[in-house]
Amino acid sequence: MKRFLYELTESWKIAAAQMVANKTRSMLTALGVIIGIVAVTLMGTAINGISTGFDKSMAVIGDDVLYISQRPWTRMNDWWNYRDRKKIRTEYADKINHAIAATPNSNLMIAVPTMSLLRSVKAGDNSVDGVFILGTTTDYTLISTLDCSEGRFFNELESRGGAEVCVVGYDVADAAFAGRSALDKKVLINGHSFKVIGTLSRQGTFLGLFSLDSIVVIPLPAFKKYFSAKSEADVRVKVRDKTHMADAVDELTGIMRRLRSLPPEKKDDFSINEQQAFKSTLDAVKTTIAIAGLFITGLSLFVGAIGIMNITFVSVKERTKEIGTRKALGARRRTILLQFLIESTALCLVGGLIGLTFAYLMCFGMAAAFPSFPIRFSFGLVIASMIVSVLTGLVSGIAPAWSASRLDPVTALRYE
Amino acid sequence: MSLVTHHSSLPLVIDIENITKEYVMGEEIIHALRGVTLQIRRNEYLAVMGPSGSGKSTLMNMLGCLDTPSSGRYEFNGKNVSEMDGDELATIRNREIGFVFQTFNLLPRSTSLRNVELPLIYAGIDPEEREERATQALTDVGLGDRLTHKPNELSGGQRQRVAIARALVNHPSIILADEPTGNLDSKTGEEIMALFESLYQQGNTVIVVTHEADIARHARRSVHLRDGVVESDELAPLPPPAAMAVAVESLGK
């Protein structure tokens, strides 16, 4: 072991001297590995970023809320199976709340109806397109993480009476009133006038894709009155303990089946969605990205490895006489093998370090350019890419190093 | 052919009995050695001579444990070399044999010190002791002030001295020089031969492989090869006066 460390140290010195002696060649060769490591690191950072961003966005939606909808969220490719289902009606919310009250130790807390549409919102000359108009009750504050930075949410009375009041998201307030307070101003939604009574605090974006702040919340009766009473509704149900999610889903399914009077042999004609389902869909996407990414980065590393192997073969050929001399002076096969393995590994490691530096700078630049997209450069990635570099070095160096170690000293000494 | 019994009181270093070596070259089998018997004792100064194709180089490879014979027996300090594998041979070369090459074979980008340290690295000597011994060896060949010079900063004669220091640094049983003056002018060549003479005088065993009679003249015993066999093996009648004079001078330094 001690002997091995000794040889290792000596081999490192030789490798360092070789790299310094052939600077240009070493750099050009390492370029393949540099590109490979940049690709690996950026890919890893992207996957990390998507994951973190998703968790953040999910926290906004709330991970303790079940959504009763007409169709499942995660099944896009067989929508026709759900098309003819009965619509979810906002009245279910009250009935579910009664059922919850009647159940001792219920896993559910409260049900809140919601309806939504995309409409443009106007204030004076300013117009904001594609705003998410959400109709709900005052109980909505109990199940969401929304809170008002200014003003207040509508109360029970306004909620039931369908008062023409609204709470606007940060983006809407910002775009419609350009920095001035939105409170007590009027906005026009689809031509109907609503008074702003509150502004929501900023939520950020969902995965950097769309804003969660482009929203206007109005009382449900007003929504039904001015927009479509027939548009699709959801009922959101908050669970008491999110560690008993499955029990909560079972209980809610039971309540819904009773509401719909489904006989036992009939299948559910509604869907209970939770964000966990979203998460598993995203996990599948993440896996696909990771596999595709791994393939691409693997390919660039492979090309890099071939470059290293090639240059190590050249190096062995060039230094045949040196190898002969070293053998004559008593270098064993293992020593020669180690020397060339370390040379290729050192080359890859230096390439890896340079690649990491580049990748770090690129992440830094990207984070500065697109602040909304979540980017994370993790320590684990640094370790992983170092290991990948070393493995690339060993794999690409083994064949040339082996051939060097097997050289016959007589032939090698005679080589010119 | 006369078998020489020289310094018969000193122990045998090399004991070769009837070795042969065949190479396959294309479809042809080359018989490079056809049965060579040779004994070399400690503190001999031997020249191996012969025209090209005589088997001289092959015998040198055998003596230097760079290669093993096809048949016959070779004992080095009582150890049977003919049956050793590559790594065992490497150990013998490292511990017992100091090589001096015609083309010096120094590592071009390493300093004299680093070049001389090389055999010690392969022997696993600690860095401090390594440097000390390499410095001593370089000083012994008159290059104590050239420790940090690289080969391209040295003259041919100095390069060969570095190589000789490298050969000596591990205190080998034999010094094996292959045409050591082949790449040097005659004056520098004489200086190198004087160095060998003084090494011999200090008790080393020196074997010089050469085709030049002038160089072989420095040795005390010369073995002539022809067509893969020993043609003659004789003691020099007297040490050549010129060589002695140089030797005495260099010893006096």
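As the structure is a prediction and not an experimental result, all values here were calculated from the model.

## Considering the pattern of salt bridges
Under the counting rule described, the total for this entry stands at 33 salt bridges over all chains. Between Arg130 of chain B and Glu10 of chain A there is a salt bridge, and its shortest N-O distance comes to 3.0 Å. With Arg130 of chain B in helix α4 (residues 127–140) and Glu10 of chain A in helix α1 (residues 2–21), the pair connects residues from two separate chains. Residue Arg130 of chain B is classed as buried on the basis of its relative accessible area, which comes to 2%. A salt bridge links Arg260 of chain A to Asp269 of chain A, with the shortest nitrogen-to-oxygen separation between them at 3.0 Å. In this structure, a network of salt bridges that share partners links the residues Glu10 and Lys13 of chain A together with Arg114, Glu117 and Arg130 of chain B.

## Thoughts on helix α7 (residues 170–177) of chain A
Residue and element names in this part refer to chain A. Buried within α7 are the following residues: Val172, Ala173, Ala176 and Phe177. Buried residues of α7, viewed axially, fall in a sector of 95 degrees; they line one side. Looking at the packing, one finds that the buried side of α7 touches β2 (108–123), β3 (126–136), β5 (165–168), β6 (186–189), β7 (192–200) and β10 (215–219). Just downstream of α7 lies Ala178, where phi reads positive at about 45 degrees.

## Comments concerning the pairing of strand β10 (residues 229–235) of chain B
Residue and element names in this part refer to chain B. Of the strand pairs in this sheet, strand β9 (residues 221–226) and β10 are connected by six bridges, and their pairing is antiparallel. Bridged to Arg221 within β10 is Leu235. Between β9 and the antiparallel strand that follows it, β10, lie two residues; Asp227 among them carries a positive phi value of about 50 degrees.

## Examining a nonpolar patch on the surface
Residue and element names in this part refer to chain A. Together, Phe379, Ile383, Ile387, Leu391 and Leu394 make up an exposed nonpolar region whose accessible area comes to about 490 Å². Mapped onto the secondary structure, Ile383 falls in helix α13 (residues 379–405). With relative accessibility at 40%, the residue Ile383 sits in the partly exposed group.

## A word on the layout of surface pockets
In this model, the second largest pocket occupies a volume close to 820 Å³. Considering the residues around the second largest pocket, the lining is formed by 31 residues, among which Arg414 of chain A together with Ser57, Thr58, Asn61 and Asp178 of chain B are closest to the centre. With five residues, the top contributor of residues to the lining of the second largest pocket is helix α1 (residues 56–63) of chain B. In the lining of the second largest pocket, the residues fall into 11 nonpolar, 12 polar and eight charged.

## Topic: the sheet that holds β10 of chain B
Residues and elements named next belong to chain B. The mixed open sheet is built from six strands, whose spatial order is β6-β7-β8-β3-β9-β10. The open sheet has two edge strands with one neighbour each: β6 (97–100) and β10. Averaged over neighbouring strand pairs, the angle between their axes works out to 20 degrees when direction is ignored. By the bridge criterion, four bridges tie strand β7 (residues 174–178) to strand β8 (residues 206–210) in an arrangement that is parallel.

## As for the packing of α1 of chain A against helix α3 (residues 112–122) of chain B
Where α1 of chain A contacts α3 of chain B, the two axes come as close as 11 Å, and the packing angle between them is 155 degrees. On the basis of the axis angle, α1 of chain A is roughly antiparallel to α3 of chain B. The interaxial crossing formed by α1 of chain A with α3 of chain B has left-handed handedness. Between α1 of chain A and α3 of chain B, the contacting residues are Arg3, Tyr6, Glu10, Lys13 and Ile14 of chain A on the first element and Arg114, Leu120, Ile121 and Tyr122 of chain B on the second. Here the residues of the contact of α1 of chain A with α3 of chain B are counted per class, giving five nonpolar, no polar and four charged.

## Focus: the packing of aromatic side chains
One pass over the full model with this rule turns up eight aromatic pairs over all chains. An angle of 5 degrees between the planes, with centres 5.7 Å apart, marks the rings of Phe99 of chain B and Phe101 of chain B as stacked. Accessibility assignment for this pair places Phe99 of chain B and Phe101 of chain B in one class, buried. Clustering of aromatic rings is evident, with ring pairs tying together Tyr140, Phe153 and Phe154 of chain A.

## With respect to the environment of Thr139 of chain B
Residue and element names in this part refer to chain B. With respect to the element layout, Thr139 can be found in helix α4. The class for Thr139 is partly exposed, based on a relative accessible area of 41%. For the pair Thr139 and Ala177, spaced 38 residues apart in the sequence, the C-alpha separation amounts to 20 Å.

## Some thoughts on the domain arrangement of chain A
Each assigned domain of chain A is listed with its residue range as follows: domain 1 (2–57 + 280–414) and domain 2 (65–273). Taking the mean C-alpha position of each, domain 1 of chain A and domain 2 of chain A sit 53 Å from one another.

## Here we look at the side chain of Thr181 of chain B
Structurally, Thr181 of chain B can be placed in the loop between β7 and α6 (186–201). In contact with Thr181 of chain B, not counting residues within four places along its chain, are Gly189, Ile192, Met193, Glu212 and Ile215 of chain B.

## Thoughts on the nonpolar core
Tyr45, Val116, Leu138, Ile164 and Phe196 of chain B are the most contacted members of the largest nonpolar core, which has 39 residues in total. Filtering out sequence-adjacent residues up to four positions away, Phe196 of chain B remains in contact with Tyr45, Val100, Ile164, Ile175, Ala177, Pro180 and Val206 of chain B. Counting residues in hydrophobic clusters, the runner-up holds 35 residues, among them Leu413 of chain A together with Ile92, Ile97 and Val223 of chain B.

## So, the interface of chain A and chain B
Interface extent is often summarised as the accessible area lost during association of the parts. With 24 residues of chain A at the interface, the matching set in chain B holds 27 residues. Both sides of the chain A and chain B interface together cover about 2,300 Å² of buried area, and 52% of this is carbon and sulfur. One can count two salt bridges joining chain A with chain B. The closest approach of N and O atoms between Arg114 of chain B and Glu10 of chain A, which form a salt bridge, is 3.2 Å. Our count for the contact surface shared by chain A and chain B stands at 12 residue pairs in polar contact (both at pLDDT 80 or more). Elements with a contribution of two residues or more to the side of chain A that touches chain B: α1, α11 (320–328), α12 (333–369) and α14 (409–414) of chain A. Along the lines of polarity and charge, the residues of the side of chain A that touches chain B split into nine nonpolar, four polar and 11 charged.

Rules behind the numbers
Residues numbered from 1 in each chain as written. Chains lettered and ligands numbered in written order. Predicted model: local features only at pLDDT ≥ 70, side-chain atom pairs only at ≥ 80, totals over all residues. Heavy atoms only, no water. Salt bridge = Lys/Arg side-chain N within 4 Å of Asp/Glu carboxyl O. Helix = DSSP H or I, 4+ residues; strand = E, 2+ residues; numbered from the N terminus. Buried < 20%, exposed > 50% of the residue type's maximum accessible area, 1.4 Å probe, protein only. Arc of directions from axis to C-beta. Contact = heavy atoms within 4.5 Å. Pairing = 2+ DSSP bridges. Patch = residues over 30% accessible without salt bridge, like charges linked within 9 Å, V, L, I, M, F, W, Y side chains within 5 Å. Areas by Shrake-Rupley, 256 points an atom, 1.4 Å probe, with all protein chains shown as cover. 1 Å grid on protein atoms, 1.4 Å probe; cavity = no way out; pocket = protein on both sides within 12 Å on 5 of 7 lines; lining within 4 Å. Points joined across faces, edges and corners; volume = space filled by probe spheres on them. Nonpolar A, V, L, I, M, F, W, Y, C, P; charged D, E, K, R; others polar. Axes fitted to C-alpha atoms, helices over the stretch in contact; angles between N-to-C directions. Parallel < 35°, antiparallel > 145°, perpendicular 65-115°, else oblique. Left-handed = near helix turned anticlockwise from the far one by under 90°. Phe/Tyr/Trp six-rings, centres within 6.5 Å; stacked < 30°, edge-to-face > 60°. Domains from an automatic or database assignment. Core = buried A, V, L, I, M, F, W, Y, C linked by side-chain atoms within 4.5 Å. Buried area = accessible area lost by both parts, 1.4 Å probe. Polar contact = N/O pair within 3.5 Å; in protein donor to acceptor, adjacent residues only side chain to side chain.

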